[in-house]
Amino acid sequence: MTAVQPTAMMSGRYQRAFTIAVVFLVAGWHLAGAGGQLLQNRPAYSSFAFQTAMWLVMALAIAAGSILVLRGAPGWQPAWAVAIIALAASTAAAAASPAGQMLAVNWAWGSAGWTGVLVLLHRRFAELASYLAAVALGILGVQLHDGLHRTDLAGFLAVLAWSTIAQVAVAVGVRALDAAADESASAVRIEQAAREREATAEIIRVARHARWLALQESAVPLVAELAAGTANPGDAQVRIRCAVQAARLRRLLAEGDEVPGSLVHELHASADMAERRGLAVEIETAGALPQMPGPARRLITDAAIAILTAARSQARITLTAVAAGVAVSFVADTGTVVGLPAASEGVWIEQQQDGDMLWAEARWNNG
Amino acid sequence: MEQRVTVAIIEDHPVVTEGVASWIRSDPGQRVRLVQTARDLTGLSAGARPSADVVILDLELSGELVTTQIPVLVAGGYRVVAFSGHSDPAIVMETLDNGAHAYVSKEEGRDHLVEAVLAAAADRPYVTRSQARAMLADQRPSRPTLSEQERQALLLWFQGMSKASVGRRMSISENTVRQYISRARAKYAATGRTAPSKDALLARAIEDGVIKPGEIMPYTSFARAGAGSSGLGALDP
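Thresholds, definitions, all that
- Residues numbered from 1 in each chain as written.
- Chains lettered and ligands numbered in written order.
- Predicted model: local features only at pLDDT ≥ 70, side-chain atom pairs only at ≥ 80, totals over all residues.
- Helix = DSSP H or I, 4+ residues; strand = E, 2+ residues; numbered from the N terminus.
- Contact = placed C-beta atoms within 7 Å.
- Buried ≥ 20, exposed ≤ 12 C-beta atoms within 10 Å, placed from the backbone.
- Pairing = 2+ DSSP bridges.
- Axes fitted to C-alpha atoms, helices over the stretch in contact; angles between N-to-C directions.
- Right-handed = clockwise from strand over helix to strand, strands pointing away.
- pLDDT = per-residue confidence, 0-100.
- Parallel < 35°, antiparallel > 145°, perpendicular 65-115°, else oblique.
- Left-handed = near helix turned anticlockwise from the far one by under 90°.
- Nonpolar A, V, L, I, M, F, W, Y, C, P; charged D, E, K, R; others polar.

(A) Molecular detail of the overall build of chain B. Helix and strand counts for chain B come out as twelve helices and seven strands. Within chain B, contacts between residues at least 6 apart in sequence are counted, and of these 65% link residues at least 24 apart.

(B) The arrangement of the overall build of chain A in detail. A count of helices and strands for chain A gives ten helices and five strands. Burial analysis of chain A (367 residues in total) assigns 29% to the buried set. A separation of at least 24 residues holds for 72% of the contacts in chain A among residues at least 6 apart in sequence.

(C) Highlighting unusual backbone geometry. Residue and element names in this part refer to chain B. The residue Gln-30 is not glycine, and still its phi comes out positive at about 50°. Since 10 C-beta atoms lie within 10 Å of it, Gln-30 is described here as exposed. Located in the positive-phi region is Ser-171, a residue other than glycine, with phi close to 55°. Within the secondary structure, Ser-171 sits in the loop between helix H8 (163-170) and helix H9 (174-189). The class for Ser-171 is exposed, based on 7 C-beta atoms found within 10 Å.

(D) Representation of the sheet that holds strand S2 (residues 32-38) of chain B. All names here are of chain B. Overall, parallel pairing links the five strands, which are arranged S2-S1-S3-S6-S7 in an open sheet. Each edge of the open sheet is held by one strand with a lone partner, namely S2 and strand S7 (102-105). Averaged over all pairs of adjacent strands, the angle between strand axes in this sheet comes to 25°, irrespective of strand direction. Where strand S1 (residues 5-10) meets strand S3 (residues 54-58), four bridges bridge the pair, whose relative direction is parallel. Within S3, the position partnered with Ile-9 by the bridge is Ile-56.

(E) Fine view of the interface of chain A and chain B. Chain A puts 14 residues into the contact, and the matching count from chain B is twelve residues. Among the elements of the structure, strand S1 (280-286), strand S2 (314-322), strand S3 (325-332), strand S4 (347-354) and strand S5 (357-365) of chain A are those that each provide at least two residues to the side of chain A that touches chain B.

(F) Structural view of the sheet that holds S5(A). Residues and elements named next belong to chain A. Spatial ordering of the open sheet is given by S1-S2-S3-S5-S4, a layout of five strands whose pairing is mixed. Each edge of the sheet is formed by a strand with only one pairing partner; in this case those strands are S1 and S4. With direction set aside, neighbouring strand axes in the sheet form an average angle of 15°. Note that S3 and S5 share eight bridges and pair antiparallel. Residue pairing across strands places Val-331 opposite Trp-359, the latter belonging to S5.

(G) Main features of the pairing of strand S6 (residues 79-84) of chain B. Residues and elements named next belong to chain B. In terms of burial, S6 is largely enclosed, as six of its six residues are buried. On S6, burial covers both faces: Arg-79, Val-81 and Phe-83 on one face and Val-80, Ala-82 and Ser-84 on the other are all buried. Pairing of S3 with S6 involves five bridges; the strand directions are parallel. When the bridges of S6 are listed, Val-55 appears paired with Val-80. In terms of strand pairing, S6 meets S7 through four bridges, oriented parallel. Counted as the bridge partner of Ala-82 is Tyr-103 from S7. You can see the chain leave S6, run along helix H4 (residues 89-97) and come back into S7, and the turn it takes is right-handed.

(H) Seen up close, the environment of Leu113(B). All names here are of chain B. Position of Leu-113 among the secondary structure elements: in helix H5 (residues 109-121). By C-beta crowding, Leu-113 is classed as buried, having 26 other C-beta atoms within 10 Å. Taking the C-alpha atoms as reference points, Leu-113 and Ile-24, 89 residues apart in sequence, are found 8.7 Å from one another. Excluding anything up to four places from it in sequence, Leu-113 contacts Val-20, Trp-23, Ile-56, Phe-83 and Val-104.

(I) Inspection of the confidence of the model for chain B at higher detail. Residues and elements named next belong to chain B. Confidence in the prediction of chain B, expressed as mean pLDDT, is 86, and 89% of residues score 70 or more. The low-confidence segment residues 218-237, where pLDDT is below 50, has four contacts with residues more than four positions distant or belonging to other chains. Of the two predicted TM-score estimates for the complex, the pTM is 0.59 and the ipTM is 0.83.

(J) Structural context of helix H6 (residues 129-137) of chain B. Here H6(B) lies mainly inside the structure; eight of its nine residues are buried. For H6(B), the full list of buried residues reads Arg129(B), Ser130(B), Gln131(B), Ala132(B), Arg133(B), Ala134(B), Met135(B) and Leu136(B). Against the buried residues of H6(B) lie S1 and S2 of chain A together with H4, S7, helix H7 (148-159) and H9 of chain B.

(K) Layout of the packing of helix H3 (residues 76-95) of chain A against helix H6 (residues 125-146) of chain A. Residue and element names in this part refer to chain A. Interaxial distance between H3 and H6 falls to 9 Å at its minimum, and their mutual angle equals 20°. Taken together, the axes of H3 and H6 lie roughly parallel to each other. Remark: the crossing between H3 and H6 carries right-handed chirality. In contact with Ala-83, Leu-87, Ser-90, Thr-91, Ala-94 and Ala-95 of H3, H6 contributes Tyr-131, Ala-134, Val-135, Gly-138, Ile-139 and Val-142. The residue inventory of the contact of H3 with H6, partitioned by class, reads nine nonpolar, three polar and no charged.

Right, dumping it as structure tokens:
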């Protein structure tokens, strides 16, 4: 968890800065650019009140869009709802302009395009492109309806190029900055993971070395006794000693988990102690286990120690990633039920005695 | 008189081959007959007819993983029981996906290998604890959907309970426990790449009543729902 936070924060901070910049750009354009044009051409409109109403609709769309993007990446439905309101306002304002001078007095085209840039900024580029095309087609449609002349078409293309290129440039720029932020965040993440792996490898190496040294004292003499014939493989005691040493050898050879300070390691430590007094212990994990808080881990290792102490010759401990957390189970020949810690710290413990074997499961729920 | 199951061992460590052979010999019913041992796969893929019913295959021969060779063996008519020290769930899943009947880890060999060979010879599922572990850990998008009961039976079996204890814990019979675990395994045979061995496992599971044909392909439910809504049944009050 701690590994992800700084990188996520960094990338998030960049993205927020870009978003705020675009909000100011779009709001500024609508107030000064579009608003200025609207006031300047006041006498030319057949209904100034209608144009003002459309300008206010557009302003509301921009305000709603700004709230949406500042709250986080909006889903396609709210994003497109805002974009379509802006598109409708732009087309309506153009349709209500005097036929011959529509392009000259049009304040809405730019604002509609910028609104699209605002709400579709972090979505697929194709969505923004099709939106800008739809806005342009709306204007062209109005022009065709008014009767299109060659000079009008030239004007249309000029305005199209001028407004759309600026909008596309902003979108592409923000996208490039986004990608750079993601890249640097992932580089930091990779570096941190590598550092963690290194630290883990060192911890595991030290633990393995210690176990290897311990085996020198326990497994080697047993093998020597077997070879010399002083230990009889038919003897039950010798067989238990063999089983224990085999379990320890197996763990030494097969240990592969890479999470330092995890519950698995703490359980291994408890198992080591049990093995020293002759218990054969298996520990297995299934699935990617989430990190568990310290108090919950302590409760589970307490249960482990209680069960391992009561077990006579064998115990199996498993850790399984389940839907809501982790299930840690113990199967051991305790002969009786064992006093286990009461449920707390988000950990629930159940047990069931079946003949000689005890099954107990501690479930920790994540949240 | 029932025919004994014939088996070949492919294993590059003679001491392991010797150990497996001794487990086969010490089977009280003498149900399995060892007919061939080899240190690599060259001897097996050449023959026109399979030389054994089941191959016990060590997944690592001379330092190389041979999971990709399983489809060749399966195409040659062999049933494969993988026997390996690699208990990494990803390798177990790849082994099953490539058409092996069962996976037995080296720790489980003494208790499970002969039984797994017998089950494989009959095209019946055999799920070891290490195999249950891989199924529980499976997060691939292509994994089959297991029912809550199937998942719980697999979990308790992986945790180390006997199947009888699993049954008592779940308040069902031991037989039903076997049924749940076998059904989960059969669902795996229905996913991933195709292999004659997987088809045989599935056919046998359907024949044994472990799984119904309708439970195998959850993704056909869309087509079935379409067919149902156009039928008269859907219009009945």
